[in-house]
Amino acid sequence: METFFEVAFSFPTVVFSVLLCVAIIYWLISLSGMGDVDADGDIDVAGDFSGLMVTLGLQGVPLPLVLTLLFLAGWLTSYFIDLALGALVPSGILHWLYALAVLFTALVAGLLVTSIVVRPLRPLFRRAYLPPLQKRIIGTPCVVISSSVSETSGRAEAHLDGAHLVLQVRSHSPLSHRERAILIEHIPDANAWWVVPEAEFLSGGSAG
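Figured I'd write up the structure that's included with this text.

**Topic: the pattern of salt bridges**
Side chains that differ in sign of charge can pair as their charged atoms come close.
Line of reasoning, step 1. A complete count under the given rule lists 2 salt bridges for this structure.
Line of reasoning, step 2. In this structure, R178 engages E157 in a salt bridge whose closest nitrogen and oxygen atoms are separated by 3.6 Å. Of the two residues, R178 sits in the loop between β5 (175–176) and β6 (180–187) while E157 sits in strand β3 (residues 155–160), which places them 21 residues apart along the sequence.
Line of reasoning, step 3. Note that R180 is salt-bridged to E198, the shortest N-O span being 3.2 Å. Highlighted residues: R180 in strand β6 and E198 in helix α7 (residues 198–207), separated in sequence by 18 residues.

**A look at the packing of aromatic side chains**
Line of reasoning, step 1. Per the stated rule, a full pass over the model turns up 8 aromatic pairs.
Line of reasoning, step 2. Between F4 and F5, the aromatic rings sit 5.3 Å apart at their centres with planes inclined by 80°, giving edge-to-face as the arrangement.
Line of reasoning, step 3. Assessed through its relative accessible area of 31%, F4 is described here as partly exposed.
Line of reasoning, step 4. When the centroid spacing of 5.0 Å and the interplanar angle of 10° are considered together, the rings of W75 and Y79 count as stacked. Of this pair, W75 and Y79 both sit in helix α4 (residues 63–85), 4 residues apart, roughly one helical turn. When sorted by exposure, W75 lands in the same class as Y79, which is buried.

**Some remarks on the sheet that holds β6**
Line of reasoning, step 1. Around the barrel, 5 strands lie side by side as β1-β3-β4-β7-β6; this closed barrel has mixed pairing. The sheet shows a mean angle of 55° between the axes of neighbouring strands, direction not considered.
Line of reasoning, step 2. Where β6 meets strand β7 (residues 192–197), 6 bridges bridge the pair, whose relative direction is antiparallel. What sits directly across from I182, in β7, is V196.

**Brief notes about the packing of α4 against helix α5 (residues 93–118)**
Line of reasoning, step 1. Viewed as axis vectors pointing N to C, α4 and α5 meet at an angle of 140°, and their least axial separation amounts to 7 Å. Relative to α5, α4 is oriented oblique. The chirality of how α4 crosses α5 is right-handed. Facing V66, L69, L70, A73, G74, T77, S78, I81, D82 and L85 of α4, the residues of α5 in contact are Y98, V102, T105, A106, L107, A109, G110, L111, V113, T114, V117 and V118.
Line of reasoning, step 2. Here the contact of α4 with α5 is built from residues that sort into 15 nonpolar, 6 polar and 1 charged.

Each value, and the rule that gives it
- Residues numbered from 1 in each chain as written.
- Predicted model: local features only at pLDDT ≥ 70, side-chain atom pairs only at ≥ 80, totals over all residues.
- Heavy atoms only, no water.
- Salt bridge = Lys/Arg side-chain N within 4 Å of Asp/Glu carboxyl O.
- Helix = DSSP H or I, 4+ residues; strand = E, 2+ residues; numbered from the N terminus.
- Phe/Tyr/Trp six-rings, centres within 6.5 Å; stacked < 30°, edge-to-face > 60°.
- Buried < 20%, exposed > 50% of the residue type's maximum accessible area, 1.4 Å probe, protein only.
- Pairing = 2+ DSSP bridges.
- Axes fitted to C-alpha atoms, helices over the stretch in contact; angles between N-to-C directions.
- Parallel < 35°, antiparallel > 145°, perpendicular 65-115°, else oblique.
- Left-handed = near helix turned anticlockwise from the far one by under 90°.
- Contact = heavy atoms within 4.5 Å.
- Nonpolar A, V, L, I, M, F, W, Y, C, P; charged D, E, K, R; others polar.

Here you go:
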């Protein structure tokens, strides 16, 4: 046990020990109900960082989970390398160079391991990473269920991912009951959707 603490809290392993402790505290707070796990944790990050996540194969799962797995894999790599080789390296500048090399190796190994581990986890979080409804529903067919649809009123039903949706719709072209149309744009202020007749949409698409 003494060896464990000596290695775990000496450089370079102590870096991952601290990060892993922070991650554990985060999850304990979240599980206790004092905080919420952000399922979209890696969605609102800066574009460059988000692109890096995709490049490394770490997208599709909550950022806190990615970081926890990274810290754990890095800690295990650093701990066992230092346990096996740390005592063999003389103190001084050589030991600091060795520690930096271990830190870099543990980080790379952690990224590789994490990218592998998150792959089977992505389906569990797939629904959390679907684009917003306003984006996904564009181009979806709908059927008018009100007596008519105009620029000021109207309702239609649509189906998306197995869900039945009843929507407020508006149209520049008059539509009557049970006519088919296509959702083309969201109207935020009215919480409604602009639609065009299906025939007009298809003919316009064919012409383009």
